[in-house]
Structure formats: C-alpha cells, structure tokens
Amino acid sequence: MTGSSKAVNTEGASVLKVRVKFSKQGNMKFIGHLDVMRYFQKAIRRAGIDIAYTEGLSPHMIMSFASPLGVGLTSDAEYMDIELRTPISSKEAIDALNRVGVEGITVTGFYEIPEGKANKAMTLVAAADYTVRFRAGYEPEHLPHSAQEGKSLAGFGQWKDLASAVESFCAQKEIPVWKKTKKSEKEVDIRPMIYEMRYVPATGQSKAQTESDVAEEKKAANPEAVFLRLASGSAANLKPELVMDTMLGMYGIGTTPFTYEINRCELYADTAEKTNPGGDDLKADGNDTDRDGEKPRRLTPLSALGREIL
Amino acid sequence: MRKLALSDEILLSIEKPARYIGGEVNSVMKNKDEVAIRFAMCFPDVYEIGMSHLGIQILYDIFNRREDVWCERVYSPWVDLDKIMREKQIPLFALESQDPIREFDFLGITLQYEMCYTNVLQVLDLAGIPLLAKDRTEDCPLVIGGGPCAYNPEPLAAFFDLFYIGEGETVYDELFDLYKKCKKEGVTRREFLFRAAQVPGIYVPSLYEVTYQEDGTIASFIPIRPDIPAVIEKQVQMDMTDAPYPDAPIVPFIKVTQDRVVLEIQRGCIRGCRFCQAGMIYRPLRERSLDCLKAHADKMLASTGHEEISLSSLSSSDYSELPGIVNYLIDEYQDEKVNISLPSLRIDAFSLDVMSKVQDVRKSSLTFAPEAGSQRLRDVINKGLTEEVILQGADEAFHGGWNKVKLYFMLGLPTETEEDRKEIAHLAEKIAEKYYEIPKDQRGGKCQITVSTSFFVPKPFTPLQWAPMFEPGDYLGFAKTVNHEIKAMLNQKSIRYNWHHADVTLLEGAFARGDRRIDDVILEAYRLGALYDAWTEYWNYDRWLQAFETAGVDMDFYTMRERSLDEILPWDFIRIGVSKEFLKKEWQKAHEESVTPNCREKCSGCGAAAYRGGVCTARRS
C-alpha cells in the first residue's frame, strides 16, 4: 500500500480512489452498459472488495464508467472508477474479481488514482482507439453498391480494396458529414476528429493492441481491418461506424447495422494542457502535434494516470 | 467461448439479447458426453419472469448435484424472437449448452399460472416436439409438468407425457434412476411410462381413461391397467431444514423481476383461507430452522453478490423465528448495505418496527389484504383479519410516519352482496379517517390509499372449489359499485381504485377447474395465434371464444355452474393430504359464515396430519 492519495468521502471515512480496467469480449458484447454496471456491483460484493457507498437512505456504490460501450461492440479497455473503504492490492483485487467473474469479462488493471473531480475517467476521456473489421459475409464486395455514381459524396469511383480506400479517405482535407442531433441535422467536418486512421493488412496484428488479447488472436484468420483513433468524450465524439459508413458511402456502398465488428482498444485522456501548457515539446510517440492551428494533444491511456497498488 | 445458437445478426436485432445467451454467474456447465441424462427445465414465460422463480432454482441445483444429470434452462422466446425462429426454422435451444431441446432426455415445464398454457405449446412447437403426447416418437424428449397448476393437470393432459404432483425435492432421483435403467435395457417409451407411473407422485395421463355422463360431468376416471395406481399421492418434503437449497443461485445479467436472494423461510400456511389453493396444497406448515436460514443467507449473499434478500413464505408473520432471522440479517448486513424485503407480513408492532429499520418509511407503503370488504364476507372466506386489527395497524403505521396504504380485495366471492362490495369503500374511508385524526402538524401531507380488486377464481382443492362464477358484465358491475361508493366517500380524494379485466378471469376459471375436453380449446387457441395470454398487450378474448366454439366446448359448463358435492371432479384422483370431506365441511361452514381456527390454535382435522410432521406434530400454543 502506498497510502498516499487518500481522500475522505462524504461519510467522513478515509477512502482510496481506484480505476478498474477490464475487457469485454465474446458473448459479453450483448450485455448493455447498464447491465455491465450491475454485473460489477454484484461482482465486487462477491469478491469481497470493501467499496464505498453514497450517503442517504438508499445508499449505492460509488462507481462511474469512463465511456459507455454500445451493445454489439467488444473492448479491451473499459474503465470504471470506484472508491474503497479498505485498501487492497492491485494483484489481489484483480485475482478476486476474475475468480468470481464470467467468461468474457476480464479485469486487467486496478490502479490507484489521484483525488479530484478533474481526475474522473468520465471527465478525462478525449480519444479512443478502435479496430474495425467487416463481419463475415458483409465485406464491401458483398454489400449493396449503389447504381447511381452521383450519389457518392466525393465520388471515389469504383471500389478497389480497403487499403486504397483508407488512403484516399485520409488524404482529404475536409470530410463533411450530415450528423443527426436530437433537434436537427447539420453538416459537420469529421476530419479533425479522426486523429489516426490506417489500414491493417490481413496478415498483421493491429499495433493498437496494447494488451495481449486472446480473442483478437483468434480473429487473425479474418484479419483485414481499419485502425481508428477518434475523438471521444463530451467535447467531441466520433463513432467508428460513422467514419466507415462515410468512407464506403464515397464508393456508393450501403451498409447495415451488422456490417462491422468493432473492438475498442484503448481510451485516452488528453494530458497536454495540464502538463505542458505551452505545448512546446510534444512530439512524443503516438501523439498528434499542432495541425491547422489545433491545440496540440498528448494522449495518455486512462490506466497510465494511475499506479499499481502494491 | 461458448458458441451461441443465434447469430449476431439475430441477437443484435431483438430486444434484450441477454435473455438467450446463458453464461450467467453460477449457471452450470457440464460435458454433455459425460452425463447420462440431459434435462431442460422450462418456465413457459419470458426470461425475466422465469428467472425469478425459486422452484426452478431449487430443482436446477438438486439435479445438477447429480454427476449423471445436466439440467439446463429454457424460457419462452419473446414475440420478436418467436417470429424469427419460425421464419428461419431455428429450433428452440437450452441456455447453457445452446443445444436444441429436441436432443434432450427430458423437458420439464413448471406450471405456475393458467395463463401460460399457450406458452407451453409454443415451447413444444419451437422445440420441434409434437404438441400431442400421443404423436411423439421414441427419440422425443419426455415432457414432464409440475408446479401448482399440475394439481389439476387435466386441461393439459394431452400435451404431457408425465406430471409430477407435489414438491420436487422427493422422487426425481427415483425417476432418473428408473430412466437410466430403462435406457440401458432399451425399453420403449411406452414401457418407461408404465414403469414411471409406479413412482409415487408421478401421473401419466395416457394411462387413464375418462368417461362422461350425459350432463357432461365425469362418470368415471380409471387406469387402463390394474397395476397402475388409481390415486396419485402428492409429494411432500417433510424435513425443510435438511432439504437441499441452492446456495449459489444463478445471477442474471439483465434485471429480472426477482433481482435478489430469495430465502424460503417456511412452506405451507396455518391460516386456511377458503379461497387459497396454496394454503391447502402445501399443508402442513413446515418451518426451516433459524440456524439453517442464517447459513443459507450467508452463502447465497456471498455467492451472488445481490444487494437485497427477500424472505419468502405464504405468511411470514407466522414464522416462529421471524425476529431472529430479521435481526440477524440487519445486524450482519447493514454495513454492506444489503436491503431486506419482507413480503406477506402482517401489520403489527413488530413488523412496523422492523420495516422502519429496513425501509424508507416515507417511500414505502403498507399492504393489507382483507380480501373482502365486510366482516361477514371475511368470515365466509375464513380470512381471520378483523377491521379492528386493520385500523389499529394503520393507526400505528400512520403515527410511525407512513402515509401510503395498499388494500387488496376480491370481488365475486360466494354469497357476496351489494352491501359487502360497498363495505370495501367504507373500510378505505375508515383508514383515511384514522390518518386525518392525526394533528396536521404531525402528519406528512395527504395519505394515499390504493384499493385494488381482482375477481375471485375458484381453484381445485379449496373449500370454494364448488362455487359458480359470474358473467363478465356482472363482474364489471361489481367493480362499478365499488368505484361509485368510493367516489361518495368524504375522503375520496385520498383513495385510488384499480380493478382488473373480467374476461381473463373467466378463462382462468375454465382452465383451473377444467377437464380433458379443455385440451382441444387450448390447442385451437394456440393455432389461432394465442400466446403470452398473461400479458395484457397480447390478450385477445375473442380469439378464445372462437377457440371454444371451434372445439365445441361450452365455457359456461366450467365457469357458471355450481358443482354438486357428489360430482366427480377432474382432480379427485390426486391426494393432497387435506381430505375432500374436510373441504366439504369448510364449504358448508362458509355458507354458515363460521370461522375455522388456524392450525396453531386448534387442529381441525383436515387430513394433513397423515404426513406426521410440521405444525401437525408441533406443540400448540
């Protein structure tokens, strides 16, 4: 136990803020976000982890998720923040949660995080990595191609292959898309929200895989993919489906809700402003630099903001 | 990763795909090649309802304790998936292995309420099992029914190979051993059924023949062979303390109706309300010991991680160690914020004290079930709850800070008059008056009294099993009387009134006391599209009326007739311990408005003492 960043919760007792990282794979993709929350509420009790509760007549566990994952998506990097009444080491906690867990949900990290509202995972999320594959039978050659060439936005012409499509798509300075909001529909340029996009060839594994992942390896038999690093969170949010749909749309290819198999690989905070307000020396690996007058970013995985509890 | 029976495309296009994927915490996986018997346990309703049922969890646990048996679960696919499975011809599968039900040795279906009967046919149909038992081939699973509705199995006789009458803890082992032996010997399905009929509590409908009189009543009900028992004995688990109980019940991913640990504190009831089937068929009352309950509660909370525990029984206040178990749970689990829910509790000083500890008084409501508005009618149904007790309980509760009261009544009871119905409104008014007697500065705003009425359905094995029912128009008239009278009360603004549909009551009545001629009606209604009849949005009375007409069955024969005491009733071949003589005496006493004491006050010689245990052999206070 480090015992450092101990905070005091509303009950007046000393608590430890903790970030839990877990993967959601296989059949668990059918479990919705709220049910994953329910799952962890019960798993934490089964594991005997002494979590902190809110005050009041109907107390509930202090638990918040970084970013809800849609039904149908898998993930290697889901995050939730909790508070502990009794400290426990990362190793013990991970073992205990996985021992009482189900196939498909695996806790991979348990980190102590600093106190403060600004450090909440939900507030921090700025970007997310995804790998997108075509579900078997839904590859572009099997999808309906529009007869009317003029219907495609940029008019990329005939579909050739995924690699060149990604290349042409990324080469654009602007990608205007009609985005539906609750009230209206408006044109938005999604290009600035795409931080990275590249083709992942059939034989290789996506570089974005930060954790070793059995499920990903199995998919190597059907591996052609697109890697995406997209804006995520409350400030700007871009869904991987929209990027893919837009790209395919430029070839006049229509998609269905089942076209893609999407895996979220990591969630990031933007630590640029906090650590380096001037943004001078930000050319670190994997981080974007100043482009078209944008604020520089320094993307740090949410797990890296905490430290292991010994 | 378990391979699922349904494709991603299907699962992502239906409501709540988690209903069909299994894999929940504490669900049991085995190797199908290492077991001798594969049992599919079915609750014929949607997952959230079926998963909330304690009986299935008990049997799932007992069966899976056997190394040679793998018990899995199956529920009714919801209407969205039902449609897809029919279109794409996907066979119904079990949640654990995702294998087709058609490959199983047994399909067990629990029958908890009459309105699930068309769902029974849906499950058979989607599984690819012929609906009629007589059409099933050697390789079909054996379809076995159980649960409270199996106490009159006749309306479903044609669809089941066997019924298990009584509590599941007792003879399944014997039945499984017999099945294994028969499989080894390679005997026919028919021969297995003959042998199974010798197992106590097992009823094989195809081995009995029914003849009818000219007036439609039963003339005879006899086994087709002399070695088949003419009477089926209900099965009872007498020792509740040592009875197996699931210490690791399944924890669903999605929120189900009963999203909590259920601790059955006792089985049976001492009260003897004359309308209540559970009060008769589960006799005698048998308690679990306090120590055993503590141990089960600890294990179940640890293995599930549920944040709530509910004490289950027909009348929790009659459990002799109630303060012991409640105080234990409060003391042990307060720190872990475990909620305690106490349904079916009588309102008195103890229960109010407990409830104020475990609930938010301002949000929770008190529940009384006087069942009838007047004392006269409460005496008819032997509901030993007096107006004085209700008003005193309400008064104490109001002083304790409660201001919400729920009242439950039945309409259409035998001997009921206009005056009895109006008394429902008067009782609600008296409760409201009690509230407003409290000085204004000491009470929290208005009180809310909710009156709900259902229509009485006479059930087999109750003293009111001979009673006639009423026409739908009559029932609505009864409800209007209550509504009108409530509106005439001084405090009517504090009283809300809800009542139920009348037509579903009549169908329930026809099924409850039906015989084998009802089978055709159910089959016909299913063919016409009836399904999920318990769900208001899918209920269609006209379809049922059409089914009765097509099948040539007169519904009134089952509902409107007062049966004579010497008539052979369709369920007479089942022995539940409580004798028909006792029920007749109680029917008589109902008409005399005479009350029968509860089992702890005095033994009334119902017949359940033959089981030599429970309250029958306990010392009386």
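Bear in mind the structure is a predicted one, so any value in this text is a computation, not a measurement.

Student: Hey, could you run me through the overall build of chain B in this one?
Tutor: For chain B, the count of helices and strands is 20 helices and 19 strands. The C-alpha radius of gyration of chain B comes to 25 Å, within 12% of the 25 Å expected for a compact globule of 621 residues. For chain B, the spread of C-alpha atoms along the principal axes amounts to about 75 × 65 × 55 Å. Looking at chain B alone, contacts between residues at least 24 apart form 76% of all its contacts between residues at least 6 apart. Carbon and sulfur atoms make up 50% of the accessible area of chain B, which totals about 24000 Å².

Student: Teacher, can you tell me more about helix α5 (residues 117–127) of chain B here?
Tutor: One turn of an α-helix holds 3.6 residues; hence residues three or four places apart share an orientation. Residue and element names in this part refer to chain B. Counting buried positions over the eleven residues of α5 gives ten, a clear majority of the element. Taken together, the buried positions of α5 are Y117, T118, N119, V120, L121, Q122, V123, L124, L126 and A127. Positive backbone phi, at 80°, marks G128, one or two positions downstream of α5.

Student: Can you walk me through the interface of chain B and chain A in this structure?
Tutor: It is common to report an interface's size as the accessible area lost on association of the parts. The partner chain A presents 31 residues to the 33 residues of chain B that form the contact. When chain B packs against chain A, the two sides together hide about 2700 Å² of surface, and 58% of this comes from carbon and sulfur. Counting across the chain B and chain A interface gives six salt bridges. Note that K42 of chain A is salt-bridged to D259 of chain B, the shortest N-O span being 3.3 Å. Where chain B packs against chain A, one counts 14 residue pairs in polar contact (both at pLDDT 80 or more). Of all the secondary-structure elements, those providing two or more residues to the side of chain B that touches chain A are α1 (8–11) and α9 (290–304) of chain B.

Student: Would you mind going over the sheet that holds strand β3 (residues 106–110) of chain B with me for this structure?
Tutor: Strand pairing within a sheet occurs via backbone hydrogen bonds; the two strands may be parallel or antiparallel. Residue and element names in this part refer to chain B. With respect to topology, six strands assemble into an open sheet ordered β2-β1-β3-β4-β5-β6, the strand pairing being mixed. Each edge of the open sheet carries a strand with a single partner, namely β2 (69–75) and β6 (202–203). Relative to β6, strand β5 (residues 162–164) runs antiparallel, the two being bridged by two bridges. Within β6, the position partnered with F163 by the bridge is Y203.

Student: Teacher, can you tell me more about empty space enclosed by the protein here?
Tutor: Take a probe with the size of a water molecule and roll it over the atoms, and the empty space left behind shows itself. Residue and element names in this part refer to chain B. Counting across every chain of the model gives seven cavities of 30 Å³ or more. Of the volumes computed, that of the largest cavity is approximately 190 Å³. For the lining of the largest cavity, the class distribution of residues is 14 nonpolar, seven polar and five charged. Quantified by volume, the second largest cavity comes out at close to 160 Å³. If you go around the second largest cavity, you meet 17 residues; those closest to its centre are M51, Q57, P249, R260 and V262. Contributing elements (two or more residues each) for the lining of the second largest cavity: α3 (54–65) and β10 (261–264). Split into classes, the residues belonging to the lining of the second largest cavity amount to ten nonpolar, five polar and two charged.

Student: Help me understand the sheet that holds strand β17 (residues 448–455) of chain B, please; the structure alone is not making it clear to me.
Tutor: All names here are of chain B. Read from one edge of the open sheet, four strands run β15-β16-β17-β18, paired in parallel fashion. Looking at which strands have only one partner, the edges of the open sheet turn out to be β15 (366–371) and β18 (495–499). When the angles between neighbouring strand axes are averaged without regard to direction, this sheet yields 20°. Note that strand β16 (residues 404–411) and β17 share eight bridges and pair parallel. Bridge assignment links K406 to a residue of β17, and that residue is T450. The strands touched by helix α15 (residues 472–487) within the sheet are β16, β17 and β18, with β18 carrying the most contacts at an inclination of about 175°.

Student: It is not clear to me how the packing of helix α4 (residues 79–88) of chain B against α5 of chain B should be interpreted in this structure. Could you clarify?
Tutor: Residues and elements named next belong to chain B. The N-to-C vectors of α4 and α5 enclose an angle of 35°; their axes lie 11 Å apart at closest approach. Regarding α4 and α5, the two cross each other, and that crossing is left-handed. The residues of α5 that touch α4, namely those facing D82, M85 and R86, are Q122, D125 and L126. Considering only residue class, the contact of α4 with α5 consists of two nonpolar, one polar and three charged.

Student: Where do I start with a negative patch on the surface in this structure?
Tutor: Residue and element names in this part refer to chain B. Among the surface-exposed residues, E471, D474, D554 and D556 lie close enough to one another that they form a single negatively charged patch. Secondary-structure assignment places D556 in helix α19 (residues 555–559). We classify D556 as partly exposed; its relative accessible area is 38%.

Student: How should the confidence of the model for chain B be read in this particular structure?
Tutor: Interpretation of this model should avoid reading the predicted coordinates in detail wherever pLDDT is low. Per-residue pLDDT for chain B averages 96, and the proportion of residues at 70 or more is 100%. We note a pTM of 0.93 for the whole complex and an ipTM of 0.92 for its interfaces.

Student: I would appreciate a short explanation of helix α6 (residues 240–249) of chain A in the present structure.
Tutor: By the burial criterion, the buried members of α6 of chain A are P240, V243, M244, T246, M247 and L248 of chain A. Those residues of α6 of chain A that are buried lie in contact with β6 (125–134), α4 (162–170), β7 (176–180), β9 (194–200), β10 (225–231) and β11 (260–270) of chain A.

Student: Explanation requested: the pattern of salt bridges in the structure shown.
Tutor: Two side chains that carry opposite charge are able to pair once their charged atoms sit near each other. Per the stated rule, a full pass over the model turns up 68 salt bridges over all chains. Notably, a salt bridge pairs R229 of chain A with D129 of chain A, separated by 2.7 Å at the nearest N-O pair. Of this pair, R229 of chain A sits in strand β10 while D129 of chain A sits in strand β6, placing them 100 residues apart in sequence. The buried category is assigned to R229 of chain A, whose relative accessible area is 10%. The class for D129 of chain A is buried, based on a relative accessible area of 0%. The partner of K584 of chain B in a salt bridge is E581 of chain B, and the shortest N-O contact between them spans 3.6 Å. Taken together, the positions of K584 of chain B and E581 of chain B, both in helix α20 (residues 580–591) and three residues apart, correspond to about one turn of that helix. Its relative accessible area of 53% is what places E581 of chain B among the exposed residues. Put simply, D35, R38 and K42 of chain A together with K255, D259 and E307 of chain B are held in one network by salt bridges that share partners.

Student: What is the right way to look at the packing of aromatic side chains in this model?
Tutor: Think of a pair of aromatic rings as described by two things: how far the centres are apart, and how the planes are tilted against each other in angle. This structure, assessed with the given rule, holds 47 aromatic pairs over all chains. Note on Y138 of chain A and F258 of chain A: the rings are 6.5 Å apart at their centroids and 65° apart in plane angle, and the pair reads as edge-to-face. On the criterion of sequence distance, the pair formed by Y138 of chain A in the loop between β6 and α4 and F258 of chain A in the loop between α6 and β11 is long-range, its members being 120 residues apart. On the basis of relative accessibility, which here comes to 16%, the residue Y138 of chain A falls in the buried class. Accessibility expressed as a relative area gives 16% for F258 of chain A, which makes it buried. Note on Y203 of chain B and F221 of chain B: the rings are 6.5 Å apart at their centroids and 35° apart in plane angle, and the pair reads as tilted. Within this pair, whereas Y203 of chain B is found in strand β6, its partner F221 of chain B is found in strand β8 (residues 218–223), the two being separated by 18 residues in sequence.

Each value, and the rule that gives it
Residues numbered from 1 in each chain as written. Chains lettered and ligands numbered in written order. Predicted model: local features only at pLDDT ≥ 70, side-chain atom pairs only at ≥ 80, totals over all residues. Heavy atoms only, no water. Helix = DSSP H or I, 4+ residues; strand = E, 2+ residues; numbered from the N terminus. Rg over C-alpha atoms; globule rule 2.2 N^0.38 Å. Contact = heavy atoms within 4.5 Å. Areas by Shrake-Rupley, 256 points an atom, 1.4 Å probe, with all protein chains shown as cover. Buried < 20%, exposed > 50% of the residue type's maximum accessible area, 1.4 Å probe, protein only. Buried area = accessible area lost by both parts, 1.4 Å probe. Salt bridge = Lys/Arg side-chain N within 4 Å of Asp/Glu carboxyl O. Polar contact = N/O pair within 3.5 Å; in protein donor to acceptor, adjacent residues only side chain to side chain. Pairing = 2+ DSSP bridges. 1 Å grid on protein atoms, 1.4 Å probe; cavity = no way out; pocket = protein on both sides within 12 Å on 5 of 7 lines; lining within 4 Å. Points joined across faces, edges and corners; volume = space filled by probe spheres on them. Nonpolar A, V, L, I, M, F, W, Y, C, P; charged D, E, K, R; others polar. Axes fitted to C-alpha atoms, helices over the stretch in contact; angles between N-to-C directions. Left-handed = near helix turned anticlockwise from the far one by under 90°. Patch = residues over 30% accessible without salt bridge, like charges linked within 9 Å, V, L, I, M, F, W, Y side chains within 5 Å. Lys, Arg positive; Asp, Glu negative; His and termini not counted. Charge placed at Lys NZ, Arg CZ, Asp CG, Glu CD. pLDDT = per-residue confidence, 0-100. Phe/Tyr/Trp six-rings, centres within 6.5 Å; stacked < 30°, edge-to-face > 60°.

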